[in-house]
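If you want the building blocks of each chain, they are given just below.
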Amino acid sequence: MHTTFPEHAIAAATSEHAQEYYLQKLQASPLYYDNSLACWVVLSAALTQQVLSHPACRVRPDNLPVPATLNGRPSARFFAGLMRMQDGQAQQLSKQLTVHCLSAISPQDIEQACQLAQWQLKTESEHALLATPSSLNQWISALPLYSLANLIGLHDTVRVRLPELLQALVACLSPLSSDKELDQADLAFTSLFEFMQTQFANDVTNPVLASLRQLKQQIGWQDQTILLINLCGWFSQSYDACRGLLASSLLRLREQPALGAAILQQPAYPGLFLHEVCRLDSPIQNTRRYTQQAINLAGQDIPANQQILLLLAAANLDASTPQGMARFAPQTQDSPIYTFGYGAHQCPGQNLALQFAQHALRVLTEQNAWQVIAGYRYQASVNARIALFH
């Protein structure tokens, strides 16, 4: 965690002074070139929307669909196959499958999956849950994974391995990972893919997988490997986004414990609370795009083959948008947030992740779980903001 003022936009993601940094930069200019990062930096909501909607702004450089560090590795298949790492028809079809499948899951099914996950964690633990910072870290990581596993009917022997596998797998998505961590990511992807392959082939009764199969046949989808990779991707997205969101929520409650009463007493309040946490302390702070051809942003010509760093957390704070202020005010969900992206690449699992998080937030609030937090640091990352408690 950076306790000094951030030197640049990447350092802001894990800085205590992130909000101050973004507001200062927003006041100076919504777009600038950072020589130290060799990229254009976008901060405003309007320009964020423009870039994320622009057909010439791609999620990967044309000449580098997979980071060089992953070349020849099994996890390169995972990275390249994820819908979030693709553009065009392949991305649209993957997203269509996911949206169709997730929209068929009722709020009641999600709540039942979360309640079962809560019981599973309680019965599998040898120690009191939420009683120590370490157990708190483990619980907020595991609950979303267990909930998703319950929704697609994963066997218990697979489910219990998910936290370990996902912790290893997401290393292939970070440029900070060592060779050893990438080796572990390779093994994790191989195992998780085989689990998904077996589940998809053998479980003919699970309604979520049945919905996926049905649409796959309707649209003539032939590449089952990509489908299974994105099924693995549901878990990787849930792992990082949910634990980051829940950790930031606990820090907010630690600072303002009186908010806990509203979480427990007002049915709509957990959603409002999480919306504000996303807006002011986004678990995903930035994302990137690469210009396939020259574009113009706010009167500035940007050549082809340039990198654009979009500060999603700054766009959330942009004062030109409704409720674009730096004060925590969980009163409405009307204010736009860019935590889950925008346009073609807006995360299709946003509602599912937020419903997982709402269930977890109520449980954590009932237990006053923030009281066990002695301190925290942010996990090393170039784009995520995930507090680890001690």
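Heads up: the structure comes first, above all this text.
Calculation criteria
Residues numbered from 1 in each chain as written. Predicted model: local features only at pLDDT ≥ 70, side-chain atom pairs only at ≥ 80, totals over all residues. Heavy atoms only, no water. Pairing = 2+ DSSP bridges. Helix = DSSP H or I, 4+ residues; strand = E, 2+ residues; numbered from the N terminus. Contact = heavy atoms within 4.5 Å. Axes fitted to C-alpha atoms, helices over the stretch in contact; angles between N-to-C directions. Phe/Tyr/Trp six-rings, centres within 6.5 Å; stacked < 30°, edge-to-face > 60°. Buried < 20%, exposed > 50% of the residue type's maximum accessible area, 1.4 Å probe, protein only. Core = buried A, V, L, I, M, F, W, Y, C linked by side-chain atoms within 4.5 Å. Parallel < 35°, antiparallel > 145°, perpendicular 65-115°, else oblique. Left-handed = near helix turned anticlockwise from the far one by under 90°. Nonpolar A, V, L, I, M, F, W, Y, C, P; charged D, E, K, R; others polar. Polar contact = N/O pair within 3.5 Å; in protein donor to acceptor, adjacent residues only side chain to side chain.

(A) How the structure looks around the sheet that holds strand β3 (residues 57–58). With mixed pairing, five strands are arranged side by side in an open sheet as β1-β2-β7-β4-β3. One side of each edge strand has no neighbouring strand; the edge strands of this open sheet are β1 (31–34) and β3. Of the pairings in the sheet, the one linking strand β4 (residues 287–291) to strand β7 (residues 307–310) comprises four bridges and is antiparallel in character. Among the inter-strand pairings, Y290 is bridged to a residue of β7, identified as Q307. Running over the sheet, helix α3 (residues 45–53) touches β1, β2 (39–42), β3, β4 and β7 and is turned about 135° from β7.

(B) Examining the packing of aromatic side chains more closely. With the rule as written, the count across this model stands at nine aromatic pairs. The interplanar angle of 50° and the centroid separation of 5.6 Å between the aromatic rings of F189 and F193 together place this pair among those described as tilted. Of this pair, F189 and F193 both sit in helix α10 (residues 179–202), four residues apart, roughly one helical turn. Note on F193: relative accessible area 8%, which makes it buried. Ring plane angle 45° and centroid distance 6.4 Å describe the contact between Y269 and F273, whose orientation is recorded as tilted. Highlighted residues: Y269 and F273, both in helix α14 (residues 269–280), separated by four residues, approximately one helical turn.

(C) Looking closely at the nonpolar core. In this structure, F235, F273 and F389 are the most contacted members of the largest nonpolar core, which totals 113 residues. Ranked by residues supplied to this core, first place goes to helix α12 (residues 224–255) with 16 residues. Ignoring anything within four residues of it in the chain, the contact list for F235 reads L145, L148, A149, I152, L154, L162, L166 and M196. One finds L47, A56, I308 and Y338 within the second-largest nonpolar core, a separate group that totals 17 residues.

(D) Spotlight on the packing of helix α7 (residues 133–151) against helix α16 (residues 350–366). Where α7 meets α16, the axes come as close as 10 Å, and the angle between the chain directions of the two elements is 135°. Taken as axis vectors, α7 and α16 run oblique relative to one another. Crossing geometry of α7 relative to α16 is assigned as right-handed. Seen from α7, the contacting residues are L136, W139, I140, L143, P144, S147, L148 and L151; seen from α16, they are L352, F356, H359, A360, V363 and L364. Here the residues of the contact of α7 with α16 are counted per class, giving twelve nonpolar, two polar and no charged.

(E) Main features of the environment of A261. Mapped onto the fold, A261 is located in helix α13 (residues 259–265). The spacing of A261 and T365 is 104 residues in sequence and 8.4 Å in space, taken between C-alpha atoms.

(F) Geometry of unusual backbone geometry. Phi is positive for L130, which is not a glycine, with a value near 65°. Among the secondary structure elements, L130 is positioned in the loop between α6 (107–124) and α7. Backbone geometry places A298, a non-glycine residue, at a positive phi of 50°. Since its relative accessible area comes to 60%, A298 is described here as exposed.

(G) Inspection of the side chain of N137 at higher detail. Its place among the elements puts N137 in helix α7. Within the structure, N137 has its side chain in polar contact with the backbone oxygen of F389 (distance 2.9 Å). If we ignore the near neighbours within four places in the chain, the residues touching N137 are A387, L388 and F389.

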